Amino acid sequence: DEIIEFVATSDRFVPHLHMPLQSGNNKQLRDMRRRYKRELYASRVAKIREVMPHACIGVDVIVGFPGETEEDFLETYRFINELDVSYLHVFTYSERPNTPAYERTDHVDMGERKRRNKMLNILSDKKRRFFYEQFLGETREVLFEEHKTKGLMSGYTDNYIRIEAPYDPALINTRGLVSLQQINDSGHVGAGLVEV
């Protein structure tokens, strides 16, 4: 809680937090030797939302860890679906020799791992879009990056919304204000430059 409060009041941190969850199932967390339960994770997300409602919250999750049953996976899916988070980084478990998990005999079929990965990536797309939609019409600070395509440059807002704006070489690697207008076909937010 102290770290969350510090980030919320600091002028050196931006409101973007990326927190590894790995699984929304306590049995899986125990098998992964994580030292927390999903309830603690949910309480941290709630605390962030309380003090930084505009924050972007990213989540790491692993699918197909040995012993993960369909019900375990669905419990993770439901847990994440109900969490007020902004996007996911989904990883498919892969065997690593000389690890305790490698020695297990209850490995999940690779096709099943890929199916679960796809399901969570679809959920991530929905959560990201919902997060972006909350800020349409607002003006936010952006760090402008390189030119991408079709006369546009990209960048990220302070709360990690990917934007595309009209290309201006003088703005690359600088910060400026944009108005967030609409979500475009690439899933980014089209933005207009705001004169200060």
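Residues numbered from 1 in each chain as written. Predicted model: local features only at pLDDT ≥ 70, side-chain atom pairs only at ≥ 80, totals over all residues. Heavy atoms only, no water.

S.K.: Explanation requested: the nonpolar core in the structure shown.
M.R.: Here is a general trend for soluble globular proteins: nonpolar side chains tend to be buried in one another's company. Judged by nonpolar contacts, the single largest core of 24 residues is most densely connected at Tyr 41, Val 45, Ile 48, Met 52, Ile 80, Leu 88 and Leu 120. Of all elements in the fold, only helix H1 (2-9), strand S1 (16-22), helix H3 (38-51), strand S2 (56-63), helix H4 (70-82), strand S3 (87-92) and helix H5 (110-133) reach the threshold of two or more residues within this core. Excluding anything up to four places from it in sequence, Leu 88 contacts Val 59, Ile 80, Leu 120, Leu 123 and Ser 124. Tyr 132, Leu 180, Ile 183 and Val 189 belong to the second-largest nonpolar core, a separate cluster that totals 17 residues. (Core = buried A, V, L, I, M, F, W, Y, C linked by side-chain atoms within 4.5 Å. Buried < 20%, exposed > 50% of the residue type's maximum accessible area, 1.4 Å probe, protein only. Helix = DSSP H or I, 4+ residues; strand = E, 2+ residues; numbered from the N terminus. Contact = heavy atoms within 4.5 Å.)

S.K.: Just checking my understanding: could you explain H3 for this structure?
M.R.: Note that an α-helix has 3.6 residues per turn; residues three or four places apart therefore point the same way. Compared with the 20 Å implied by 1.5 Å per residue over 14 residues, the 20 Å span of H3 between its first and last C-alpha is a close match. Taken as a whole, H3 has its buried residues at Tyr 41, Val 45, Lys 47, Ile 48 and Arg 49. On the buried face of H3, the contacting elements are H1, S1, S2, H4 and H5. (Expected span 1.5 Å × (residues − 1).)

S.K.: I would appreciate a short explanation of the environment of Leu 120 in the present structure.
M.R.: When you line up the elements, Leu 120 lands in helix H5. Classification of Leu 120 as buried rests on a relative accessible area of 0%. For the pair formed by Leu 120 and Ala 191, sequence separation is 71 residues and the distance between their alpha carbons is 28 Å.

S.K.: Looking at this structure, how should I read the pairing of strand S7 (residues 175-183)?
M.R.: Each regular strand carries side chains that alternate between the two faces of the sheet. Pairing geometry for strand S4 (residues 139-147) and S7, over 5 bridges, is antiparallel. Each bridged residue has a counterpart across the sheet, and for Arg 140 the counterpart in S7 is Val 178. Where S7 lies against strand S8 (residues 189-193), 5 bridges are found, and the strand directions are antiparallel. Its bridge partner being in S8, Gln 182 is matched across the sheet by Gly 190. Here S7 folds back onto S8, and the loop between the two strands holds 5 residues, one of which, Gly 187, carries a positive phi near 85°. (Pairing = 2+ DSSP bridges.)

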